[in-house]
Amino acid sequence: MNRDIRKNHEYQGVRDEIRQQHQKTKDMSLKEKISYFLYYYKFHTLIVIVAIAVIVTLVHDIVTSKDYCFNAIMLNVGSDPISGTELSSDFSGYANLDTKTYECYIDTATTFSLQSSSQYDMVTSQKIFAMEEAGDLDCFVMDSEVFYHYAVNELFMDLSSCFTDEELEKYADYLYYIDYIDAEEVEEVNTEAETHRHPEEMENPVLVGIFISDSAFIEKTGAYPDAIPVFGIVNSSHRTDTCKKYLEFLFDESVDFSHLIGQGIY
């Protein structure tokens with residue numbers, strides 16, 4: 001009974017407050033009413049507007065989002081910006097990808113450092129492995145030191161499982177091997193890029209990458225100026241044929257990569 005009386009008092013209190021607010025604004029002009037409303041309710045209104053904007057954006061992204069027909073990252077490309085949008089467009093045309101139904105996305109903006117271990121680097125690494133786990137990431141180009149770091153963490157597939165011997169023949173001078181070893185031995189291994197060209201010196205050589213230092217892309221864009229870039233296919237990719245086409249694209253002398261420089265990263 002007391003609870004019902006309390007609820008009734010609360011209800012009456014709310015009604016009285018509404019009645020008082022109505023009396024205050026009854027004789028106001030429209031301009032005065034707007035000023036009054038903004039003075040007392042501007043923060044509430046702002047919160048509602050922001051919430052609606054967020055919801056609309058999320059709904060729009062969900063409705064308009066496309067599945068990938070190709071998704072790659074070119075990590076640590078260098079100080080000169082290279083347009084990922086232009087690169088994606090050039091490659092989708094080169095490979096005749098269906099970009100009306102699917103999305104071709106090549107990220108040229110992401111960076112990662114093994115030395116700094118900043119919060120950004122940790123987020124980048126978590127993002128990479130999350131995308132690999134979801135099967136959303138197809139291939140990488142990154143400097144050899146970082147490539148080795150991810151290779152020993154089994155991010156890349158054995159290229160001999162998706163390339164034929166004939167296809168690999170034209171990259172014979174650029175093959176990057178790694179000797180899979182126990183985790184405790186990793187720190188003792190020489191990570192210099194040249195050591196990964198000699199599978200005959202390894203106990204268990206696995207082909208995980210292709211050096212692209214001599215590719216048309218590198219020669220015409222000047223990307224990776226102080227590093228040795230390596231191409232690899234993510235082990236969960238189910239678009240390996242497109243990845244192979246991308247490698248061919250990077251080496252193709254007929255492609256004009258020079259226009260990508262200075263176009264910004266997006």
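Keep in mind the model is a prediction, meaning the values are calculated, not measured.

A. Spotlight on the overall build of the protein. Across its full length, the protein carries eight helices and six strands. Helices (α) and strands (β) of the protein occur, in sequence order from the N terminus, as α-α-β-α-β-α-β-α-α-β-β-α-β-α. The buried share of the protein, reckoned over its 266 residues, is 36%. Considering only contacts within the protein whose residues lie at least 6 apart along the sequence, 77% involve residues at least 24 apart. Counting only carbon and sulfur atoms, one obtains 53% of the accessible surface of the protein, whose full area is about 16,200 Å².

B. Representation of a negative patch on the surface within the structure. Taken together, the side chains of Asp165, Glu166, Glu169, Asp173, Asp214, Glu219 and Glu253 define an acidic patch exposed on the protein surface. With a relative accessible area of 68%, aspartate 165 lands in the exposed category.

C. Region of interest: the sheet that holds strand S6 (residues 229-233). Across the sheet, six strands lie side by side as S2-S1-S3-S6-S5-S4; this open sheet has mixed pairing. The open sheet terminates on both sides in strands that have one partner only, identified here as strand S2 (103-107) and strand S4 (175-179). With strand direction ignored, the average angle separating the axes of adjacent strands in the sheet is 25°. Here strand S5 (residues 205-211) pairs with S6 via two bridges, running antiparallel.

D. Looking closely at the environment of threonine 110. Residue position: threonine 110 is located in the loop between S2 and helix H4 (119-134). As for threonine 110 and threonine 124, which are separated by 14 residues in sequence, their C-alpha atoms are 7.7 Å apart. Once you skip the residues sitting within four places of it in the chain, threonine 110 turns out to touch Ile73, Met74, Leu75, Asn76, Tyr120, Thr124 and Lys127. Separated by 2.4 Å, the side chains of threonine 110 and aspartate 107 make a polar contact.

E. Region of the structure containing helix H5 (residues 144-151). Burial of H5 is extensive: six of the eight residues sit out of reach of the surface. Taken as a whole, H5 has its buried residues at Ser144, Val146, Phe147, Tyr148, Tyr150 and Ala151. As for H5, its buried residues are in contact with H4, strand S3 (139-143), S4, S5 and S6.

F. Main features of H4. The terminal C-alpha atoms of H4 lie 22 Å apart, and with 16 residues this matches the ideal 22 Å at 1.5 Å per residue to within 8%. Within the sequence span of H4, burial applies to Asp121, Thr124, Ser125, Ile128, Met131 and Glu132. Around the axis of H4, the buried residues are gathered within 130° of arc, so they sit on the same side. Facing away from the buried side of H4 by more than 90 degrees, the exposed set consists of Gln119, Gln126, Glu133 and Ala134. Lining the buried residues of H4 we find strand S1 (68-74), S3 and H5. Phi for glycine 135, located one or two positions after H4, is positive at around 75°.

G. Just the nonpolar core, in detail. Counting residues in hydrophobic clusters, the biggest one holds 42 residues, and the most contacted among them are Phe70, Met74, Phe217, Phe231 and Tyr246. Broken down by element, this core gets its largest block of residues, six residues, from helix H8 (residues 240-251). Tyrosine 246 has contacts with Phe70, Met74, Leu87, Phe91, Ile106, Cys139 and Phe231, leaving out every residue within four places of it along the chain.

H. Here's a closer look at the packing of aromatic side chains. Counted according to the given criterion, the structure contains 17 aromatic pairs. Through pairs of rings, three or more aromatic residues link up here, namely Phe112, Phe129, Phe140, Phe147, Tyr150, Phe156, Tyr176 and Phe211. Arginine 197 extends its terminal NZ or CZ atom over the ring of phenylalanine 211, reaching a point 3.9 Å from the ring centre. Above the ring of phenylalanine 163, the side-chain terminus of lysine 244 is found at 5.4 Å from the ring centroid.

I. Geometry of the environment of aspartate 214. Assignment of secondary structure puts aspartate 214 in the loop between S5 and helix H7 (216-221). Its relative accessible area of 42% is what places aspartate 214 among the partly exposed residues. For aspartate 214 and tyrosine 174, which are 40 residues apart along the polypeptide, the C-alpha to C-alpha distance reads 8.8 Å.

J. Examining the side chain of serine 92 more closely. Structurally, serine 92 is set in helix H3 (residues 84-94). The buried category is assigned to serine 92, whose relative accessible area is 10%. A polar contact of 2.9 Å, which involves the side chain of serine 92, links it to the backbone oxygen of serine 89. For serine 92, the contacting residues outside a window of four places in its chain are Leu97, Thr99 and Cys104.

Here is what the cut-offs are and how they apply
Residues numbered from 1 in each chain as written. Predicted model: local features only at pLDDT ≥ 70, side-chain atom pairs only at ≥ 80, totals over all residues. Heavy atoms only, no water. Helix = DSSP H or I, 4+ residues; strand = E, 2+ residues; numbered from the N terminus. Buried < 20%, exposed > 50% of the residue type's maximum accessible area, 1.4 Å probe, protein only. Contact = heavy atoms within 4.5 Å. Areas by Shrake-Rupley, 256 points an atom, 1.4 Å probe, with all protein chains shown as cover. Patch = residues over 30% accessible without salt bridge, like charges linked within 9 Å, V, L, I, M, F, W, Y side chains within 5 Å. Salt bridge = Lys/Arg side-chain N within 4 Å of Asp/Glu carboxyl O. Lys, Arg positive; Asp, Glu negative; His and termini not counted. Charge placed at Lys NZ, Arg CZ, Asp CG, Glu CD. Pairing = 2+ DSSP bridges. Axes fitted to C-alpha atoms, helices over the stretch in contact; angles between N-to-C directions. Polar contact = N/O pair within 3.5 Å; in protein donor to acceptor, adjacent residues only side chain to side chain. Expected span 1.5 Å × (residues − 1). Arc of directions from axis to C-beta. Core = buried A, V, L, I, M, F, W, Y, C linked by side-chain atoms within 4.5 Å. Phe/Tyr/Trp six-rings, centres within 6.5 Å; stacked < 30°, edge-to-face > 60°. Lys NZ or Arg CZ within 6 Å of the ring centre and 35° of its normal.

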